[in-house]
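So the chains spell out like this:
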Amino acid sequence: MNAMTRRIVIGTAAVSMAASLAACGKAGDGDNGGGGGDGKTIGLLLPENKTTRYETFDRPIIEAKIKALCGDCEVKYNNAAQDTETQKKQFDGLVTQGVKVIILDSVDYKATKSWVQQAEKKGVKVVAYDRLAEGPISAYVSYDNEKIGRLQGEGLVKALGAKAKESNVVMINGSPTDPNAPLFKKGAHSVLDTGVKKVVYEQDIPDWSPDEANKKMGAAIDSLGKDGFQGVYSANDGMAGGIITALKKQGIKVPVGGQDAELAGLQRILKGDQAFTIYKQIKPEAETTAEIAVRLLKGEKIDDLTPTKVTSLTGEFKDIPAKLYDAQIVTKENIASTIIADKVYKAADICTAEYKAACAAAGIK
């Protein structure tokens, strides 16, 4: 897809722009006195801060793009810290203040149906970001998440090599309240169910918790024995960190895959502790969402930005305008040509003292 050719540029300029915008937004919040409703305010609700991407990339990129497209627009931002009730209060608060467009990355997609329905009655447009919320959504921007799951499965099969067909695999899946998690799982199963011998242990992890993933990996080792599995599927990099800690504690070395191209995950890949990650270009996703939100605020059409139609996970809400981006597997061999070339992280960010030798071996300078 052409999304893969678009280069991601995330640097100090974007972050400093976001910082100045955030300061600007705070002043605006006070000026509005909770009134809002002037057609110049966009709400941004992100689900959690355990995954580093949200505060490091998604928020600053979205805020900077909104400001670039609409100089006098304000962004009212909140992070739910993985709590559904907190997010409901944040959402309801934006509606009460008269905010007419809300970008929502939901904590629990099933819980959002009544919120979005009530908002729609008041003329509020909701853009589902990264996770497809339930309800009459105006637009949805994310990735082909089932395909990402297939890429994860393919990455693990490739890491297992010639022994894949004789290999047993442990699956540590994402949060049951995240609508993307079952899609990752479904995609991964579509590859692993035929690509390896057997999935011998599988768990969903609430809140994508690395600590819980660590405990479940420990339980898997206790149940299966040190030689009872030859690879581990981890739905994201954060949990992969917890899993790898549990494996190291028992002296076990098997391929572990992840997702999100987190800095710590990339460093583990260079060191040889993690086999691969999935790189999703956040900038196109975030900027398209910002552009859709601004257009909805101005009452403009979004058809050219949303070429696809999707149905909600329950099947109740159909023909939701959507844009789904592509992703790719990242290993030691292509960190330089993807992550560093796209300026997600600089070589200096990844190649700290502990990883200097591993970076040099991978040709990263």
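The structure this text deals with has already been given above.
Residues numbered from 1 in each chain as written. Predicted model: local features only at pLDDT ≥ 70, side-chain atom pairs only at ≥ 80, totals over all residues. Heavy atoms only, no water.

**Q** I'd like a description of the overall build of the chain, backed by residues and values.
**A** Secondary structure assignment for the chain yields 13 helices and 13 strands. Burial analysis of the chain (365 residues in total) assigns 55% to the buried set. Pairs at least 24 apart in sequence give 72% of the contacts found in the chain among residues at least 6 apart. Here the chain has roughly 14900 Å² of accessible surface; of this, 51% comes from carbon and sulfur atoms. (Helix = DSSP H or I, 4+ residues; strand = E, 2+ residues; numbered from the N terminus. Buried < 20%, exposed > 50% of the residue type's maximum accessible area, 1.4 Å probe, protein only. Contact = heavy atoms within 4.5 Å. Areas by Shrake-Rupley, 256 points an atom, 1.4 Å probe, with all protein chains shown as cover.)

**Q** Break down unusual backbone geometry for me, with residues and values.
**A** Phi at Asp130 takes a positive value of approximately 70 degrees, unusual for a residue other than glycine. In this structure, Asp130 sits in the loop between strand 4 (125–129) and strand 5 (139–143). Judged by its relative accessible area of 4%, Asp130 is buried. Positive phi, close to 55 degrees, is recorded for Asp319, a residue that is not glycine. Residue classification places Asp319 among the exposed residues on the basis of a relative accessible area of 56%.

**Q** So, the sheet that holds strand 7 (residues 198–204): which residues are in play, and what are the values?
**A** Pairing within the open sheet is parallel, and its four strands lie in the order 7-6-8-9. Taken across any chain shown, the strands that pair with only one partner, and hence form the sheet edges, are strand 7 and strand 9 (256–257). In this sheet, strand 8 (residues 231–234) lies alongside strand 6 (residues 168–173) in parallel orientation, the contact comprising four bridges. Bridge assignment links Val170 to a residue of strand 8, and that residue is Val232. (Pairing = 2+ DSSP bridges.)

**Q** How would you summarise the pattern of salt bridges if you had to cite specific residues and measurements?
**A** Counted according to the given criterion, the structure contains 20 salt bridges. The shortest N-O distance in the salt bridge between Glu55 and Arg59 comes to 3.6 Å. Of this pair, Glu55 and Arg59 both sit in helix 2 (residues 53–69), four residues apart, which is roughly one turn of that helix. Among the residues examined, Glu55 registers a relative accessible area of 34% and is labelled partly exposed. Across the pair Glu212 and Lys216 runs a salt bridge whose closest N-O atoms are separated by 3.0 Å. On the criterion of helical spacing, the pair formed by Glu212 and Lys216 is a turn pair, its members being four residues apart in helix 7 (residues 210–224). According to the relative accessible area criterion, Lys216 is partly exposed, its value standing at 22%. (Salt bridge = Lys/Arg side-chain N within 4 Å of Asp/Glu carboxyl O.)

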